[in-house]
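# Structural description and commentary
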Amino acid sequence: MRFPVRWTWYYWLVPVLLLYLLLLLIWPRQLFNDPTSTVAYDREMRLLGARISADQQWRFPESEVVPEKFRKAVICYEDQWFPYHPGFNPVSMVRAVILNFKHHKIISGGSTISMQVIRLARKNRERTYFEKAIEISLAFVMELTHSKKEILRLYASHAPFGGNVVGLEAAAWRYFGVSANRLSWAEAAALAVLPNSPGLIYPGRNPRDLMAKRNRLLDRLWYKGKIDLTTCELAKSEPLPQKPYPLPRLATHLLVRLTKEGFKGEKVQTTLDGGIQERVNKILELHGIQLAANEIHNAAAIVVDVNTGNVLAYVGNLRRMGKTDYGNDVDVIVSPRSTGSIMKPFLYAAMLNDALILPNTLIPDIPVQIGGFIPENYNLTYDGAVPAKRALSRSLNIPAVKMLQTYGYTPFYNLLKNIGLTTLTKPADHYGLAIILGGAEARLCDLAGMYSSMARTLNHFSPDHPGYNKADFHPPVLIACDSRGEPAYDNHSSWFDAASIWLTFEAMVEVARPDEEAQWQQFSSSHKIAWKTGTSFGNRDAWSVGVTPEYVVAVWVGNASGEGRPGLTGIGVAAPILFDIFKTLPATSWFRTPVEEMVKIPVCRYSGYRASSICEFKDSVWVQKNGVRTPACPFHQLIHLDKTGQYQVNSGCESTETMQHVSWFVLPPVQEWYFRTKNPFYRMLPPFRKDCAQNPGNRNMDLIYPKDGSMIYVPVDLDGKTGSTVFKAAHHNPDAVIHWHLDDQFIGSTRQSHQMALSPERGFHRLTLVDQYGESISIGFEILTKEKNAPSSGKMQ
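Below, the structure is looked at part by part. Counting restarts for each chain: residues are numbered from 1 in the order of the written sequence. It should be noted that, the model being predicted, local features are given only for residues of pLDDT at least 70 and side-chain atom pairs only at 80 or more, the latter also being counted only at that level, while totals for whole chains, interfaces and linings use all residues. Excluded from the side-chain calculations are hydrogens and water; all other atoms, namely the structure's heavy atoms, are used.

Attention now moves to the sheet that holds strand 2 (residues 47-51). Two strands pair under a simple rule: DSSP has to find at least two bridges between them. Runs of E in the DSSP output that reach at least two residues are strands. Runs of H or I that reach at least four are helices, and both are numbered from the N terminus. Spatial strand order, 2-1-5: 3 strands in an open sheet with mixed pairing. Each end of this open sheet is capped by a strand with a single partner; those strands are strand 2 and strand 5 (267-269). Put simply, the sheet's adjacent strands are angled 15° from each other on average, direction ignored. As judged from the 3 bridges shared by strand 1 (residues 38-41) and strand 5, these two strands associate in the parallel manner. Residue pairing across strands places Val39 opposite Lys267, the latter belonging to strand 5. The contact rule is simple, with two residues in contact once any of their heavy atoms fall within 4.5 Å. Under this scheme, a helix contributes an axis fitted over its contacting stretch, all axes are lines through C-alpha atoms, and angles between N-to-C directions fall in the 0 to 180 degree range. Relative to strand 1, helix 11 (residues 252-263) is tilted by about 115°, and along the sheet it contacts strand 1, strand 2 and strand 5.

This is how it looks when you write it as structure tokens:
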């Protein structure tokens, strides 16, 4: 019985469908699951570096496209019918069978590129006819489920190229030092012939055979019209590489960070600028040689584009020099380190923003003890009182502590967390006032983000965009695809207003340069940079941060081990690196003055406060808008002089008609004692005339040292006697006489220079001072003795 013709089609269709379904069932969900290298590129897709894969192969993540030269070369060499066949080529297979039968061994497999992809995915199993049948079947299925471009991309990404080099992109970098899309015809042809026998022929082994194969392929490309004769001859004249090139190592610490942060085995386009990255590497390497002479072995630097927040350079540490490991693998950019003074500008800006100071407001700079905390200036001197912006530019510690006392360490702690400091892991009380002097830790990347966020806020404020956007405060951006879109401006405040930021940066410009050589003077005249340094306790960490409208550069120098070194200071070792980096960057501008957020007000010339009605000399100064709410000058007071102008008088001894009412600039006694030695304009108050009683409400005397409640450690000399301690006082009246009493016992009097060396016994004591006008002060203190050269249980005062 004969079936109708229509049933013949079903007779053949059913088994074909069943076979197809069977092949789909055995088709692997993922052809390749080999571990790949973590590869980092800069913003222009230039290779920064790579980390070898888990199986110790240089296997880059799969390429998205196959370069045209390699595509033509490999098809011409491996499978010229690749664009047309369904995964296998019957003609090639018949030819291979005849050839193998003639030689009584396998000479040719007749494999297409599709079949080679399957063989690579199946880990090059033993070459048998059964295995060949599986390869043909799976290649056919792959042709049905993948485009020709995808198949060729898989081949280029997983083909072996000799040694532990897998994939075209890795091979291009290892053998020619360029990316695959920049290969010449000679280079593309050399790589096209390598996968055919990578164990026998690759750069550095059997170069004659490799050159012969390459040149035959180039001739075939010319014969088929893929290249012209001139190109062919020039390509054949190119030499072969003799050994693999080392991969670029421009950002080794960044690669480690990317691996830890979820990018292991991926190709990552970063925001880095390869040229800037390479120059910063060289700058740190040169400085590293000098630093090593002082046993300083680690340094790091980061460069951030202000407007985008993109990181342009990321050098996490110096490269190891020699066999000794000094912790050079530590990525200091993300390592918490003690800050020193590097966060003082944030406090200055915050106090301007909150109308607590003006730029020239006088801040006390005198010996101070707050509980057990005794801050000291780096140079161990005192100015009595110093303008706030000068205290910032000179990085004075005591004024910073006094400012933080006024602002409050808890609000400052919260502010730092809000603007990007991620290392405050304990409550505010744990850090206290010491947070401004290095009592907390910071990461270099956090500081770069905080300073660049301030600059970005200032850049974005303009007459066209008079509002603020708190989203301008964000960490530095490392991944190129991390786009934040256009900022949305509103009329709400940011963490700092534009005027406060501008005034802060202006104060930071006045910091002294690292030295007085002509090269620094020439640089400072052509580049205006707001910058700040910091040095942690014990000279363990040296910081420097520089800001312009275009860039933020942040530098750290020290030892990863935490070992301190003499001369390890921000201004001595970190600032020179900072300025060398800025010299390699494109020319920078300066911030536009945010006049919309500023107002011109009268300011007392001497105190820097908003001028009161009795201030003698007033200057009209541009300040932040809310500067009109700052306190008026508290230091000018009206005093009453006799007709000679030499003595103070009052209504009890002088007629008001004959009095001279004069405005006088008067600081508190201790501030005055230090201030007058450095400010010749300062005039001491005239004394009261002898027949006039001093006003009881005025305080004219104060103790410089010690303060009430102090604990004083005094060594016991070898002869068993307690050493002496120098006690100091200050008085407004230069001719005043102060009578000293210890534990209610009179011990002496002083005139003009009020200091006395005392040797109280161990225990609690009370010191009382009385001047000739009857004014008195009294404080308590404790003497703690110890044997000479014995370990100290506290800070010597």
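After that view of the structure, there is still more to cover.
Attention now goes to the sheet that holds strand 12 (residues 530-535). One open sheet holds the 5 strands; their spatial order is 7-6-14-13-12, and the pairing between them is antiparallel. Looking along the sheet, the strands with just one partner apiece sit at the ends: strand 7 (311-315) and strand 12. Shown here is a sheet whose adjacent strand axes are inclined to one another by a mean of 10°, direction ignored. Pairing of strand 12 with strand 13 (residues 541-547), which is carried by 6 bridges, proceeds in the antiparallel orientation. Counted as the bridge partner of Trp531 is Gly546 from strand 13.

In this section: the state of the cysteines. In this description, the term disulfide denotes a pair of cysteine sulfurs within 2.5 Å. Tallying each qualifying case throughout the model produces 1 disulfide. Between Cys633, a free cysteine, and Cys615, which holds the nearest cysteine sulfur, the sulfur-to-sulfur gap is 3.9 Å. Between buried and exposed lies partly exposed: a residue is buried under 20% and exposed over 50% of the maximum accessible area for its type, with that area taken using a 1.4 Å probe on protein chains only. On the accessibility criterion, Cys633 (7% relative accessible area) is buried.

Geometry of aromatic contacts follows a simple scheme: Phe, Tyr and Trp rings, the Trp one being its six-membered ring, pair when their centres are within 6.5 Å, and the pair is stacked under 30 degrees between planes, edge-to-face over 60, tilted otherwise. Following the criterion strictly, the structure yields 22 aromatic pairs and no others. Aromatic side chains Tyr407 and Phe412 sit 6.4 Å apart centroid to centroid with 90° between the ring planes, which places their arrangement in the edge-to-face category. No difference in accessibility class separates Tyr407 from Phe412, as the two residues are buried. Where Trp590 meets Phe591, the ring centres are 5.0 Å apart and the plane angle is 70°; that geometry is what we call edge-to-face. On the basis of relative accessibility, which here comes to 5%, the residue Phe591 falls in the buried class. An aromatic cluster is present here, built from Tyr606, Tyr609, Phe617, Phe635, Phe665, Phe675, Phe681 and Tyr682 joined pairwise through their rings.

Take the packing of helix 13 (residues 344-353) against helix 19 (residues 498-509) next. Following both chains from N to C, one finds helix 13 and helix 19 inclined at 140°, their axes separated by 9 Å at the closest point. Taken together, the axes of helix 13 and helix 19 are oblique relative to one another. The chirality of how helix 13 crosses helix 19 is right-handed. Residues Pro345, Tyr348, Ala349, Leu352 and Asn353 of helix 13 form the contact with helix 19, whose own contacting residues are Ser500, Leu503, Thr504, Ala507 and Met508. Three residue categories are used. Nonpolar comprises Ala, Val, Leu, Ile, Met, Phe, Trp, Tyr, Cys and Pro, charged comprises Asp, Glu, Lys and Arg, and polar comprises the others, including Gly. In terms of residue class, the contact of helix 13 with helix 19 is built from 7 nonpolar, 3 polar and no charged. If an angle is under 35 degrees, it is roughly parallel; if it is over 145, roughly antiparallel; if it lies from 65 to 115, roughly perpendicular; otherwise it is oblique. Note on convention: the crossing is left-handed when the near helix lies turned anticlockwise from the far helix by less than a right angle, right-handed when the turn is clockwise.

This next bit is on the packing of helix 13 against helix 15 (residues 397-407). The geometry of helix 13 relative to helix 15 is characterised by a closest axis approach of 10 Å and an angle of 45° between their N-to-C directions. When the interaxial angle is binned, helix 13 and helix 15 end up oblique. Of the two possible hands of crossing, helix 13 and helix 15 adopt the one that is left-handed. Where helix 13 approaches helix 15, its residues Lys344, Leu347, Tyr348, Ala350 and Met351 are matched on the opposing element by Asn397, Ala400, Met403, Leu404, Thr406 and Tyr407. The residue inventory of the contact of helix 13 with helix 15, partitioned by class, reads 8 nonpolar, 2 polar and 1 charged.

Together, Arg216, Arg220, Lys224 and Lys226 line one region of the surface with positive charge. Within the element layout of this structure, Arg220 appears in helix 9 (residues 207-223). Residue Arg220 is classed as partly exposed on the basis of its relative accessible area, which comes to 34%. Only residues whose relative accessible area exceeds 30% and that take part in no salt bridge are eligible for patches, with like-charged residues grouped when within 9 Å of each other and nonpolar side chains (Val, Leu, Ile, Met, Phe, Trp, Tyr) grouped when within 5 Å. Areas reported as accessible are Shrake-Rupley estimates using a 1.4 Å probe. Residue values count occlusion only from the protein chains shown. Salt bridges are identified by distance alone: a Lys or Arg side-chain nitrogen within 4 Å of an Asp or Glu carboxyl oxygen. Working convention for charge: Lys and Arg count positive, Asp and Glu count negative, and His plus the chain ends are omitted. To locate a charge, take atom NZ for lysine, CZ for arginine, CG for aspartate or CD for glutamate.

Moving on to the environment of Ser237. Within the secondary structure layout, Ser237 lies in the loop between helix 10 (229-236) and helix 11. Taking the C-alpha atoms as reference, Ser237 lies 8.5 Å from Ala186; in sequence the two are 51 residues apart. We call two N or O atoms a polar contact when they sit within 3.5 Å, provided that within protein one can donate a hydrogen and the other can accept it, with sequence-adjacent residues counted only if both atoms are side-chain atoms. Within polar-contact distance, the side chain of Ser237 engages the backbone oxygen of Leu234 at 2.6 Å.

As a further point, take the pattern of salt bridges. Applying the stated criterion across every chain yields a total of 26 salt bridges. The shortest N-O distance in the salt bridge between Arg43 and Asp273 comes to 2.6 Å. Of the two residues, Arg43 sits in the loop between strand 1 and strand 2 while Asp273 sits in the loop between strand 5 and helix 12 (274-292), which places them 230 residues apart along the sequence. Judged by its relative accessible area of 38%, Arg43 is partly exposed. Here Asp273 falls in the buried class, since its relative accessible area comes to 12%. Residues Asp383 and Arg394 are paired through a salt bridge, measuring 2.5 Å at the closest nitrogen-oxygen approach. Taken together, the positions of Asp383 in the loop between strand 9 (362-365) and strand 10 (384-387) and Arg394 in the loop between helix 14 (388-393) and helix 15 put the pair 11 residues apart, joining distant regions of the chain.

Attention now goes to the pairing of strand 6 (residues 298-305). Burial runs high along strand 6: 8 of the 8 residues are buried. Burial of the side chains of strand 6 extends over both faces: Asn298, Ala300, Ile302 and Val304 are buried on one face and Ala299, Ala301, Val303 and Asp305 on the other. Relative to strand 14 (residues 551-558), strand 6 runs antiparallel, the two sharing 8 bridges. Along strand 14, the bridge assignment pairs Asn298 with Gly558. The pairing of strand 6 with strand 7 spans 4 bridges and is antiparallel. Its bridge partner lying in strand 7, Ile302 is registered against Tyr314. Between the end of strand 6 and the start of strand 7, which pair antiparallel, lie 5 residues, with Gly309 showing a positive phi angle near 80°.

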